[in-house]
Amino acid sequence: MMTAMVRPVSRVLRLGCVLAFCFQVLVPCGLPGAWGLDNGLAMTPTMGWLHWERFMCNVNCQEEPDSCISEKLFQQIAEIMASDGWKDVGYEYICIDDCWMAPERDSEGRLQADPKRFPGGIHHLADYVHSKGLKLGIYADVGNKTCAGFPGSFGYYDIDAQTFADWGVDLLKFDGCYCDSIQHLAEGYKQMSLALNRTGRSIVYSCEWPLYMRPIFKPNYTEIREYCNHWRNFPDIYDSWESIRNTLDWTSSNQEIIVPVAGPGGWNDPDMLVIGNFGLSRDQQITQMALWAIMAAPLLMSNDLRSISPEAKALLQDKDVIAINQDHLGKQGYQLRKEDNFEIWERPLLNLAWAVAIVNLKEIGGPRSYTITLTSLGRGLACNPNCLITELLPEKRKLGFYEWTSSLKTQINPTGTVLLRLERTSSAQFSYSVVSDSL
Ligand code: GLA
C-alpha cells in the first residue's frame, strides 16, 4: 500500500500548503528548534501490536465483522494482550493504522472516527485500552490524505495533535502519502513533532519520513532523530520470506548510516513482526524474531492474537529474546559478515555481553553447519578471556563455557537462525565452572 509521495493535489490545497510553509519559515518560533524531540519516550524500542499487515483497510464490517477495522477488533486485542501474557512480557501499545477515520472532518475541523465502526469514538476506546493497563496508538498522515485516502493532517497539525492528546492517545504513526513536495514533507514531520510536544501529553512519535524522502533526497538521520521516536526506512513488510530478506538486505547495506543513529529515544523501524500469520515457516519466524532483536527494532506485531498458534505465541513472548531487543545499552546490532550463504550479525549488550545471530540463507538442502571462531566476535572482546554461551533460538540451552581461542559449531536449518548470548566471564569464574561442571 506504499504509494508514491508526490500526488497531484488541487490548486487550493497546494496554495494552502505553500502558505502554511511560508508562514512557518517567516515565524521564527515555527522553525525547528535545537531542542529537537525530547519527550523521554521509547527509551527502549516500542513494543505492541499494529493492525496494518494483518487487517489492512478492511472496512466491510457487515460481511467480515471479526476482521474489519472497528473498535471491537481493538477491544478484543486489548483484552487478550492484557490477559494472555503479552502485557507481562512488555507488549504495551495497541495501535490503530489507516482506515479508522470518517471520510470528512467534523464541523470544527477535527478528525473523527468512522461512526459506524467506532460507535464509542476513540476517546472511549483509549479509556478501555488504558483500563487494561495498555496504551493506544493512532495513525494519521503528513499530507493531504492518508495512503488509503482518508483525511490528511496537512494544515491541521496542531488541531490533530491536540485532538489525539484530548482523546488520550499515546502513540502516533505519521505516514507520508499525498504530500506535494519534499520541503512540505520534512516541515510537516517536524511541525507535527512540535505540535505533539506542545500538547504536554506523552505521545510516542513514529515517522515514515526517511522512507518518503529517500527517492528524492538523502535523509538526514541526525535531524530525523531529533524529531521522531522511530522511523521507517524501507517499504512495507509483507507476510513472506522475500519481504523479510529484502528488509534485512536493505538494513545491512545501509548499516553504516543507520546503525549509529539508533539509541534510546530514537530507533530504526524495519516494520511489523508478521510472526503468527501465513507466509513464514517456523524457521523464518525464528529469523524474524532473532533479527528484530539484533536490530533493536520496535516490536509491533501484526497478527491475530485471538487465534495465534502456541508456537508463535511462545516465540513472540520469549523473554530472553525480548531482553536482547530491549537491552538498556541501547545499541543497534549489525551484520558482521556474510559468507557461503551464511550471515553473521552481532549486537553489543549491557555488561559487555553480546548477542550473535547466524542465519542460513540457503533455501535448498537440510541443516548446514557453521563454525564461528570466538575471537572474531564482539571486536575480539565478546569472549575474552572466556565466556558463557547460551543458545536462545531455536532451542534454549546453555552451551557452556568457552575460551577466547576456541570455536563453536552450530547447525542451522534453511532460512533459519541460531541466536546466541555470550556473557564474558573472568578466568576465576571460568576455572571454577569447569571444575564444578566436571564434578
Ligand atoms: C503506508 C504505510 C503502511 C500503512 C499504510 C496504510 O503504506 O507504509 O505501514 O500504514 O500506508 O495505508
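Data block above holds the structure.
Predicted model, so just to flag it, every value in this text is computed and none were measured.

> What's the story with the overall build of the chain in this structure? I'm lost.
In terms of helices and strands, the chain carries 15 helices and 16 strands. Taken across its 439 residues, the chain has 59% of its residues classed as buried. The long-range fraction of contacts in the chain, counting pairs at least 24 apart against all pairs at least 6 apart in sequence, stands at 73%. Carbon together with sulfur atoms contributes 54% to the accessible area of the chain, which is approximately 17,900 Å² in total.

> Whenever I open this one, the state of the cysteines confuses me. Can you help?
Here a disulfide denotes one covalent bond, and it connects the sulfur atoms of two cysteines. Here the structure, examined in full by the defined rule, presents 5 disulfides. Here C57 connects covalently by a disulfide to C99, the sulfurs 1.9 Å from one another. Taking the sign of the S-S torsion, -110° for the link of C57 and C99, the bridge is left-handed. Of this pair, C57 sits in the loop between helix 2 (52-55) and helix 3 (71-83) while C99 sits in the loop between strand 2 (93-95) and helix 5 (121-131); the two residues are 42 residues apart in sequence, bridging distant segments of the chain. Disulfide partner of C207: C228, at an S-S distance of 2.1 Å. In this structure, the disulfide formed by C207 and C228 twists by about -90° around the S-S bond and is classed as left-handed. Of the two residues, C207 is situated in strand 5 (residues 204-207) and C228 in the loop between helix 9 (221-227) and strand 6 (230-232); the sequence distance between them amounts to 21 residues. Take the cysteines of the chain that form disulfides and number them in order along the sequence; they join up as 1-4, 2-3, 5-6, 7-8, 9-10.

> When you look at the nonpolar core in this model, what are you seeing that I'm missing?
In a soluble, globular protein the nonpolar side chains are often hidden away together inside. With 114 residues, the main nonpolar core has Y91 and W100 as its most contacted residues. The leading source of residues in this core is helix 7 (residues 182-199), at 8 residues. Each of domain 1 (33-325) and domain 2 (334-436) contributes no fewer than three residues to this core. Discounting residues that sit within four places of it in the chain, Y91 has contacts with M47, G48, M81, W86, L134, L273, M289, L299, M301, L316 and I322. Formed by 21 residues, the second largest nonpolar core is a distinct cluster that contains Y370, L374, L377 and C383.

> In this structure, what is going on with the packing of aromatic side chains? I would like to understand it.
Any aromatic ring pair is given by two values, namely how distant the centres are and how the planes are angled relative to each other. In the structure shown here, the tally under the stated rule is 15 aromatic pairs. Taking the centre distance of 5.8 Å and the plane angle of 80° together, the rings of W100 and W167 count as edge-to-face. Pair noted here: W100 is in the loop between strand 2 and helix 5 and W167 is in helix 6 (residues 157-167), with a separation of 67 residues, a long-range link. According to the relative accessible area criterion, W167 is buried, its value standing at 15%. Summarising the aromatic geometry, the rings of Y189 and W209 are spaced 5.8 Å apart at their centres and angled 5° between planes, so their arrangement reads as stacked. In this pair, Y189 sits in helix 7 while W209 sits in helix 8 (residues 209-213), placing the two residues 20 residues apart along the sequence. On the basis of relative accessibility, which here comes to 0%, the residue Y189 falls in the buried class. Within the aromatic cluster, the residues linked to one another by ring pairs are F154, Y157, F174, Y189, Y205, W209 and Y227. K145 extends its terminal NZ or CZ atom over the ring of Y178, reaching a point 4.7 Å from the ring centre. For R368, the ring lying beneath its charged end belongs to F342, and the centroid distance is 4.0 Å.

Procedures and definitions
Residues numbered from 1 in each chain as written. Predicted model: local features only at pLDDT ≥ 70, side-chain atom pairs only at ≥ 80, totals over all residues. Heavy atoms only, no water. Helix = DSSP H or I, 4+ residues; strand = E, 2+ residues; numbered from the N terminus. Buried < 20%, exposed > 50% of the residue type's maximum accessible area, 1.4 Å probe, protein only. Contact = heavy atoms within 4.5 Å. Areas by Shrake-Rupley, 256 points an atom, 1.4 Å probe, with all protein chains shown as cover. Disulfide = S-S within 2.5 Å. Core = buried A, V, L, I, M, F, W, Y, C linked by side-chain atoms within 4.5 Å. Domains from an automatic or database assignment. Phe/Tyr/Trp six-rings, centres within 6.5 Å; stacked < 30°, edge-to-face > 60°. Lys NZ or Arg CZ within 6 Å of the ring centre and 35° of its normal.

Shape is all these values report; function is a separate question.
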